[in-house]
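Reading the structure
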Amino acid sequence: MSETQMIQRRQIIIALASTCAMPTAALAVPTHYTLVPSGSRVGFQFNLNGIAQTGTIPVEQAKITIDPQQLVASRVEVTLNVTKARTGLIFITQVMTGPEVLDATRFPTIRFVSRHVILGATGRLSGGAKIIGDLTLRGVTKPVTLQAAIYRSRGTAANDLSQLDVTLNGRISRAAFGADGFSDLVSDTVALNIQAQIRAS
């Protein structure tokens with residue numbers, strides 16, 4: 001490798017380190033992360049008779065690979081445990097997980113797999129990025145777009161990327177996945193807020 005090529009390579013690495021807030025040493029290869037269950041959940045919101053209702057679904061598994069050499073090639077895979085979904089009221093939870101909506105007995109998980117990453121205006125994953133991927137719910141797979149942000153966990157050192165916080169936000173139509181029970185009472189649009197804590201593996 002010529003001296004000019006070496007200088008160009010060094011400049012690219014420095015630029016990536018600045019963009020991702022990652023130390024140069026971490027940029028050699030893609031980094032794989034696994035889920036920290038205690039710091040991970042999915043919040044969701046829907047309207048019941050025009051009144052906002054909220055609930056949570058635990059994240060069962062998350063796999064994230066960040067490729068600092070090519071950030072748009074980074075991948076996200078999240079699996080949710082539908083059987084443990086909860087709302088503020090037991091009867092709403094029972095209806096939601098029942099056969100006319102999520103049908104948790106037949107379809108105990110919801111899965112999202114990224115296909116494409118669009119970086120934010122600053123070229124970073126830490127804010128304004130979009131992740132386009134496939135969401136599988138009730139055995140039906142549809143493309144969805146999620147707003148994404150990946151940050152270094154609060155309280156960790158500036159060069160410590162062993163643990164990261166991930167936020168994914170989006171909206172889906174439940175009817176698109178066949179989860180359209182009680183459509184006269186419950187809104188079709190469901191807002192999602194996925195919070196995941198991941199650790200380098």
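Let me begin by describing the structure that accompanies this report. (Residues numbered from 1 in each chain as written. Predicted model: local features only at pLDDT ≥ 70, side-chain atom pairs only at ≥ 80, totals over all residues. Heavy atoms only, no water.)

Helix and strand counts for the protein come out as 2 helices and 10 strands. Ordered by position in the sequence, the α and β elements of the protein form the string α-β-β-β-β-β-α-β-β-β-β-β. Here the protein holds 201 residues, and the buried ones make up 42% of them. If you take every contact in the protein between residues at least 6 apart in sequence, the share linking residues at least 24 apart comes to 57%. Carbon together with sulfur atoms contributes 54% to the accessible area of the protein, which is approximately 10,800 Å² in total. (Helix = DSSP H or I, 4+ residues; strand = E, 2+ residues; numbered from the N terminus. Buried < 20%, exposed > 50% of the residue type's maximum accessible area, 1.4 Å probe, protein only. Contact = heavy atoms within 4.5 Å. Areas by Shrake-Rupley, 256 points an atom, 1.4 Å probe, with all protein chains shown as cover.)

Turning next to the nonpolar core. Counting residues in hydrophobic clusters, the biggest one holds 47 residues, and the most contacted among them are Ile 66, Leu 168 and Ile 172. For this core, the element with the highest residue contribution is strand E1 (residues 31-48), accounting for 6 residues. (Core = buried A, V, L, I, M, F, W, Y, C linked by side-chain atoms within 4.5 Å.)

The next thing to look at is the side chain of Gln 163. By the element assignment, Gln 163 lies in strand E9 (residues 163-173). Judged by relative accessible area, which is 18%, Gln 163 ranks as buried.

What follows is about the pairing of strand E4 (residues 75-81). Extensive coverage of E4 is indicated by the burial of 6 of its 7 residues. Looking at chain direction, strand E3 (residues 59-66) and E4 are connected through 6 bridges and run antiparallel. Each bridged residue has a counterpart across the sheet, and for Gln 61 the counterpart in E4 is Thr 79. As judged from the 5 bridges shared by E4 and strand E6 (residues 109-118), these two strands associate in the antiparallel manner. The residue bridging Asn 81 from the neighbouring strand is Thr 109, located in E6. (Pairing = 2+ DSSP bridges.)

For the rest of this paragraph, the subject is helix H2 (residues 90-97). Listing the buried residues of H2 in full gives Ile 92, Thr 93, Met 96 and Thr 97. For H2, the angular spread of the buried residues around the axis is 120 degrees, confining them to a single face. Every exposed residue of H2 that faces more than 90 degrees away from the buried side is listed here: Ile 90 and Gln 94. Considering only its buried residues, H2 is in contact with E1, strand E2 (51-57) and strand E5 (86-87). (Arc of directions from axis to C-beta.)

What follows is about the environment of Ala 196. When you line up the elements, Ala 196 lands in strand E10 (residues 189-200). Each C-alpha atom of the pair Ala 196 and Asp 165 lies 5.9 Å from the other, and the pair is 31 residues apart in sequence.

Inspection of every chain in the model, using the stated rule, returns 1 aromatic pair. Ring centres 6.1 Å apart and planes at 20 degrees place the aromatic pair Phe 44 and Phe 46 in the stacked group. In terms of burial, Phe 44 and Phe 46 fall into one category: buried. (Phe/Tyr/Trp six-rings, centres within 6.5 Å; stacked < 30°, edge-to-face > 60°.)

Moving on, we get to the environment of Thr 93. The topology assignment puts Thr 93 in helix H2. Sequence-wise, Thr 93 and Gly 55 are 38 residues apart; in three dimensions their C-alpha atoms are separated by 8.6 Å. Excluding residues that lie within four positions of it along the chain, Thr 93 makes contacts with Ala 85, Arg 86 and Thr 87. At 2.8 Å, the side chain of Thr 93 and the side chain of Thr 87 are in polar contact. (Polar contact = N/O pair within 3.5 Å; in protein donor to acceptor, adjacent residues only side chain to side chain.)

Okay, a nonpolar patch on the surface next. On the surface, Leu 89, Ile 90 and Phe 91 cluster together to form a nonpolar patch covering roughly 320 Å² of accessible area. Note on Ile 90: relative accessible area 60%, which makes it exposed. (Patch = residues over 30% accessible without salt bridge, like charges linked within 9 Å, V, L, I, M, F, W, Y side chains within 5 Å. Salt bridge = Lys/Arg side-chain N within 4 Å of Asp/Glu carboxyl O.)

On to unusual backbone geometry. Positive phi, close to 50 degrees, is recorded for Asp 103, a residue that is not glycine. Mapped onto the elements of the fold, Asp 103 is located in the loop between H2 and E6. Relative accessible area serves as the criterion here: at 7%, Asp 103 is assigned to the buried category.

Attention now moves to the environment of Arg 124. Tracing the sequence through the fold places Arg 124 in the loop between E6 and strand E7 (129-137). Take Arg 124: its relative accessible area is 30%, and that puts it in the partly exposed class. In this structure, the C-alpha to C-alpha distance between Arg 124 and Val 72, residues 52 residues apart in sequence, is 9.7 Å.

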